[in-house]
Amino acid sequence: MRKRKEDNPFKKIPTILFPEELMNKAYNRAEKAADKLRKSTIGLSLYKSRVIEEQKVRTATSVIADYLLNIVKKTPSIDNLNPFYREILEILIDSDEFKKSLGALHWASQLVRKLGNTYSRKIRRAKTPQEASKIRREFFGRVSSILKQIYPNLACIAVAREKLKNIPTVKDVPTVVIAGYPNVGKSSLLRKLTDAKPEVNSYPFTTKGLNVGYSHYGIQFIDTPGILDRPIYERNDIELHAVVALNYLADGIIYVIDPTEYCGYPIDEQLNLLNEIMETFNIPIIVAINKIDVDESEYRENLEKVEKFLREKGIKNVVKISTEKDINLDILKRKVVEIVKES
Ligand SMILES: Nc1nc2c(ncn2[C@@H]2O[C@H](COP(=O)(O)OP(=O)(O)OP(=O)(O)O)[C@@H](O)[C@H]2O)c(=O)[nH]1
């Protein structure tokens, strides 16, 4: 599966309670349950205290074991994760530690349940109310030390949750990524292709944020400052993961070229990056030659270079545009819809 098919799966991870908070929750619930029984149970004091202490143990067991198991169940399994999100996860957290931590929570949940059964049985055999209460205290002590043992694992999941839950949900709609050197006109183009003001989302990909815009014809456009705007071989590990993530996400790429070089980047560098992107992504590319409102005599030589390059590479999806003067943007939109349909 190449494309993401679900919303941000990390949003489902429940809030992580730390050992002390979880123990407090278990104590409180156990006390409440015991209170109810105190009022409703009649009988000799030994029988009554056994029933009450057992209730405390059982309530605490289910609070803690269910809570831990719920985290494990609601946390997406890395192996089944859509590749787009898996790449993001690799960027943000140590996935081995994440897996190990989930394993630890599962282990702790089962152990607490087992202890709950063992100690409940012990309480039923207690010879005095004091003994029943001592056994219950011992149970709480053991559970507390299990939770302390998994403290680093809870912390790992909590950190992962914080980092992952805010990844904006990139909608499950056809997606086109806009690439090109800085200042070639990518943000202007994004604004022209989409209806509302694009959302700027913080993304693990880049410190600059990721601009996402939606069009009325159902396509999502993403501008990726900091990622596809200079040579890919200069990328660090994190950014390489980001490139891979984009590869999973995109149905098409618009590569914006500024032949006027007003952007500050020579045309040769712009063509090199286009070449790299074509080699890295196995996705249809449209080349948008921007700023053609500028007098052609200023950049004719560059334009010829671009056209020669495109001919040699066999790139046919090419549109000369001006985002500023709205030239040929309709043709570009039609091409976008075509390549997305094909993809
Ligand atoms: N003449 C002309 N200038 C344009 C055109 N499109 C964009 N520009 C100008 O180019 C500059 C850069 O435009 P942006 O849209 O910010 O470029 P960008 O690629 O998003 O830049 P970064 O966000 O830095 O990556 C701005 O000064 C725009 O006004 C165009 O069609 N014609």
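Residues numbered from 1 in each chain as written. Predicted model: local features only at pLDDT ≥ 70, side-chain atom pairs only at ≥ 80, totals over all residues. Heavy atoms only, no water.

K.L.:
What am I meant to see in the confidence of the model for the chain here?
P.N.:
Fine structural detail should not be taken from predicted coordinates in areas where pLDDT scores are low. In this model, the chain carries an average pLDDT of 87, and 89% of its residues clear a pLDDT of 70 or more. Low pLDDT, under 50, characterises residues 1-5; the predicted model gives this stretch 26 contacts beyond four residues in sequence or across chains. (pLDDT = per-residue confidence, 0-100. Contact = heavy atoms within 4.5 Å.)

K.L.:
Explain the packing of aromatic side chains to me, please; I cannot follow it from the model alone.
P.N.:
What describes a pair of aromatic rings is the distance from one ring centre to the other and the angle between the planes of the rings. Throughout the structure, instances matching the rule amount to six aromatic pairs. Summarising the aromatic geometry, the rings of Tyr119 and Phe139 are spaced 5.8 Å apart at their centres and angled 55° between planes, so their arrangement reads as tilted. Of this pair, Tyr119 sits in helix H4 (residues 95-124) while Phe139 sits in helix H5 (residues 129-149), and the two are 20 residues apart along the sequence. Residue Tyr119 is classed as buried on the basis of its relative accessible area, which comes to 2%. Geometrically, the ring pair formed by Tyr217 and Phe221 is edge-to-face, given 6.4 Å between the ring centres and 75° between the ring planes. The positively charged end of Lys122 is found above the aromatic ring belonging to Tyr119, 4.6 Å away from the centroid. (Phe/Tyr/Trp six-rings, centres within 6.5 Å; stacked < 30°, edge-to-face > 60°. Helix = DSSP H or I, 4+ residues; strand = E, 2+ residues; numbered from the N terminus. Buried < 20%, exposed > 50% of the residue type's maximum accessible area, 1.4 Å probe, protein only. Lys NZ or Arg CZ within 6 Å of the ring centre and 35° of its normal.)

K.L.:
Could you clarify how one ought to interpret helix H1 (residues 19-40) in this entry?
P.N.:
The α-helix winds at 3.6 residues per turn, so residues separated by three or four positions along the chain end up facing the same way. Between its terminal C-alpha atoms H1 stretches 32 Å, which fits the 32 Å expected from 22 residues at 1.5 Å a residue. Residues of H1 that are buried make contact with helix H2 (45-74), H5 and helix H6 (151-165). (Expected span 1.5 Å × (residues − 1).)

K.L.:
Looking at this structure, how should I read the site of the ligand?
P.N.:
In the neighbourhood of the ligand, 15 residues make up the surrounding shell, with Ser187, Ser188, Asp293, Thr323 and Glu324 lying closest. One of the backbone nitrogen or oxygen atoms of Asn183 is found 2.9 Å away from an oxygen atom of the ligand. Here the ligand has 650 Å² of accessible area as a free molecule, and 72% of this is covered by the chains. (Near = heavy atom within 4 Å. Polar contact = N/O pair within 3.5 Å; in protein donor to acceptor, adjacent residues only side chain to side chain. Areas by Shrake-Rupley, 256 points an atom, 1.4 Å probe, with all protein chains shown as cover.)

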